[in-house]
Every structure is written in C-alpha cells, then in structure tokens.
Amino acid sequence: MTMRTHPTPSQGQAPGTAHSGARSALGRYPLTSFFVLAYTLSWLAWTPYVLSRNGLGIWDFTFPGGQLGSQLTGVLPGAYLGPICSALLIITRTEGRAGLRVWRKRMTNFRAPWLWYVLVVLSVPAALTLATVAVSGESPAMPSTVVLVALLPGLLLQMVTTGLAEEPGWREFAMPRMQHRYGPVNATLIVGPLWGAWHLPLFLTEWGGGPADSVLVPVEFLVTVVAFSFVMTWVFNRTHESMPLVMLVHTSVNNFISVAWSDVFPSVDADDAAHAFLLGSVVAAVILVATTRGRLGTTP
C-alpha cells in the first residue's frame, strides 16, 4: 500500500483534514476510543515482559529486581501507558480544559467524610479475613509488628502504582460516561469485564502465575473483577465521585493480600486468597445491588 505525503487541496484533502478527522472520531466514539487505546498501548508495552523469561521465555532476558522489581519495570509502564494516558488524551482532544478540570476535580476530591476512609481501611481487610475463614476453615493469626508497620507504606505505594495507573481511566473516565448512557448496573457489567480482560496478557507472566497455571485462574479473576466492580461503582457514586476513595478501595485489597495475608493465614494455601477475594466480592455485589435496588448509590 502506498501513502501520499503532504496532500494538496487539489488532491481532494485540505491541510489538517486527517488531524481534524481523528479528532472528530474521538469525539464521536470517546468510550470506544478509550478502550481500544488502553488495550493497545498497555499490551504493546507489556509485550517485552510477556516474551521475557518472566513470561513465555521466548526472549532470553529477565527483568531485574526479583518479582517486585520486575513487575515495577515490566508491568507498571504498560499500566500507566494504557488507561490514564488514553483517558487524558481523549479528554484533551475532545473536551479541552473544561474536561481536564472535571477530571482533576474528581481526582482531588478528598472531601468525603472521614468515616468513609476509616470504613474502607478497616472493612476491606475484615471482609477478606472473614472470606478466607469461610473458604479455608482456618482461624486468623495476629500479624507481626513488622507487617503492621509495613501496611501503611505498602498502601501508599499501591496508591501511586496500581491505583493511579488504573482508576483514572476505568473509573474516572469510563464509568461516568457509561452510567449516563446505560445506568449503573449495565455500566458496571460493561466496564468490569473490560477492566478484567485488560489484565489477560499478564497471566502469561509470573504476575499471574505463569502460562503453566490453570486456565481457571484468569477465569476466576475475571469473575472476581466484575463482582468487585459493583463495590467500586457504589463507592464512586456514594462519595460524590471521590477518586481517592475509589483508589483506596482497590489498593486496600492488593495491599492486604500482598503484605499481610500470608502472615494472618500462614498455614493456608496461597490460592485461597484469590478464592476469598472472589467470595467477598460476590457477596458484597449481591448485597449492594439488592439493597440499593440496582441504583448503586445514584439518585433515582
């Protein structure tokens, strides 16, 4: 296929037509453009990590720093490049400064009552603990002082990495627009699976257990993410679209499982953490949908 460069008006294309055409497409299909861009940018950036020895082993290279360091250098760039960059690009191109002001307002909305922060910080570990007891039948142990001290720094790290990389795109950009069009339940049932499937290439790496792991692992993850999305939607709506609290809900799960879970349940198989997250998310989703009659924190 040949390409024409620098077309003249006599060729039927005025200068800037392609530029304005791309902007018009983003304006007509902002949500579709966001999902396509988020997937494309992240998956391209994750390709070296997937092909490396940390993944399929096709590329004879190992990302340094052990499991934590390799994920920071192999996973985090793609996580940042996808959702948040795609959202900011589309907002800038289609809504300009007014759209960026709305985005910034949600991202810095710390004005929810302080009880919300206490509720999230305490209820997420409590729910995961109860779910693990139900799944494994084991009683929890008191975590060590080192673990208790590490919880806060771990949570702050998760907020900067996982929370800031993912939620400004999926929850801040996609959810309000989806809710306006389809309502909270249907919007959650759309954004949830798309958010979950975005992670799928990482299940070919050590992040998700590696390609040798069972196909049931990503399936369980997808179901969990969809159920957990109902909790995220409810928090987003009930706190007047406070993104810090939404990010806190997400990262509190990651932080408890990665920092404290093995200390609280030392004799329980590590796979039970995923089962507990699934159970807790499904129960919470059913309760929220039933008690709010599907409104999930929105006004009638």
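Basis of the calculations
Residues numbered from 1 in each chain as written. Predicted model: local features only at pLDDT ≥ 70, side-chain atom pairs only at ≥ 80, totals over all residues. Heavy atoms only, no water. pLDDT = per-residue confidence, 0-100. Helix = DSSP H or I, 4+ residues; strand = E, 2+ residues; numbered from the N terminus. Contact = heavy atoms within 4.5 Å. Buried < 20%, exposed > 50% of the residue type's maximum accessible area, 1.4 Å probe, protein only. Salt bridge = Lys/Arg side-chain N within 4 Å of Asp/Glu carboxyl O. Core = buried A, V, L, I, M, F, W, Y, C linked by side-chain atoms within 4.5 Å. Expected span 1.5 Å × (residues − 1). Bend = angle between axes of the 7 residues up to and from the residue. 1 Å grid on protein atoms, 1.4 Å probe; cavity = no way out; pocket = protein on both sides within 12 Å on 5 of 7 lines; lining within 4 Å. Points joined across faces, edges and corners; volume = space filled by probe spheres on them.

So, the confidence of the model for the protein chain
- In the predicted model, the protein chain carries a mean pLDDT of 89, and 91% of its residues have values of at least 70.
- Considering each helix and strand of the protein chain separately, the mean pLDDT is smallest for helix 1 (residues 17-28), with a value of 61, and largest for helix 8 (residues 184-197), with 97.
- Of the regions scoring below 50 in pLDDT, residues 1-18 engages in six contacts with residues more than four places distant in sequence or in other chains.

Regarding the environment of Lys105
- Along the polypeptide, Lys105 turns up in helix 5 (residues 96-107).
- Judged by relative accessible area, Lys105 falls into the exposed class, the value being 58%.
- Residues Lys105 and Phe173, spaced 68 residues apart in sequence, show a C-alpha to C-alpha distance of 12 Å.

So, the environment of Asn254
- Take Asn254: it is sitting in helix 10 (residues 243-264).
- Sequence-distant contacts of Asn254, defined by excluding residues within four places in its chain, comprise Gln158 and Thr162.

Some thoughts on the pattern of salt bridges
- On inspection of all chains with the given rule, the structure shows five salt bridges.
- Linking Arg177 and Glu95 is a salt bridge whose minimum nitrogen-to-oxygen distance equals 2.8 Å. A residue pair is termed long-range when its members are at least 10 positions apart, and Arg177 in helix 7 (residues 145-182) and Glu95 in the loop between helix 4 (76-94) and helix 5 qualify at 82 residues.
- Glu172 serves as the salt-bridge partner of Arg106, at 2.7 Å between the closest nitrogen and oxygen. Of this pair, Arg106 sits in helix 5 while Glu172 sits in helix 7; the two residues are 66 residues apart in sequence, bridging distant segments of the chain.
- Taking relative accessible area as the criterion, Glu172 reaches 2% and is therefore assigned buried.
- Here the residues in one salt-bridge network are Arg106, Glu172 and Glu241, joined through shared partners.

Let's talk about the nonpolar core
- Membership of the largest hydrophobic core comes to 65 residues, with the highest contact counts inside it found for Phe34, Trp170 and Phe228.
- For this core, the element with the most residues is helix 10, which contributes 11 residues.
- Non-local contacts of Trp170, meaning those with residues more than four positions away in its chain, are made with Phe34, Phe35, Ala38, Tyr39, Pro83, Met175, Val191, Leu194, Trp195 and Trp198.

Brief notes about unusual backbone geometry
- You will see that His240, though not glycine, has its phi angle at about 55 degrees, which is positive.
- With respect to the helices and strands, His240 occurs in the loop between helix 9 (216-238) and helix 10.
- Look at Glu241: it is not a glycine, yet its phi comes out positive at around 65 degrees.
- Among the secondary structure elements, Glu241 is positioned in the loop between helix 9 and helix 10.
- Relative accessible area serves as the criterion here: at 27%, Glu241 is assigned to the partly exposed category.

A short note on helix 6 (residues 114-136)
- The end-to-end C-alpha separation of helix 6 is 34 Å, in line with the 33 Å expected for 23 residues at 1.5 Å each.
- Ser123 marks the point of greatest bend in helix 6, at about 25 degrees, and the proline Pro125 comes within the next four residues.
- Every buried residue of helix 6 is listed here: Trp116, Val120, Val124, Leu128, Thr129, Ala131 and Thr132.
- Against the buried residues of helix 6 lie helix 9, helix 10 and helix 11 (271-291).

Thoughts on the layout of surface pockets
- Approximately 1600 Å³ is the volume attributed to the largest pocket.
- Lining the largest pocket are 48 residues, and of these Gln71, Trp207, Asn254, Ile257 and Ser258 lie nearest its centre.
- Residue assignment for the lining of the largest pocket shows that the elements contributing at least two residues are helix 3 (66-74), helix 4, helix 7, helix 9, helix 10 and helix 11.
- Ranked by residue count, the leading element in the lining of the largest pocket is helix 10, at nine residues.
- Roughly 530 Å³ of volume is contained in the second largest pocket.
- Ser123, Ala127, Val231, Gly280 and Ala284 are the residues nearest the centre of the second largest pocket, which is lined by 24 residues in total.
- Those elements that provide at least two residues to the lining of the second largest pocket are helix 6, helix 9, helix 10 and helix 11.
- Here the lining of the second largest pocket gets 10 residues from one element, more than from any other, and that element is helix 6.

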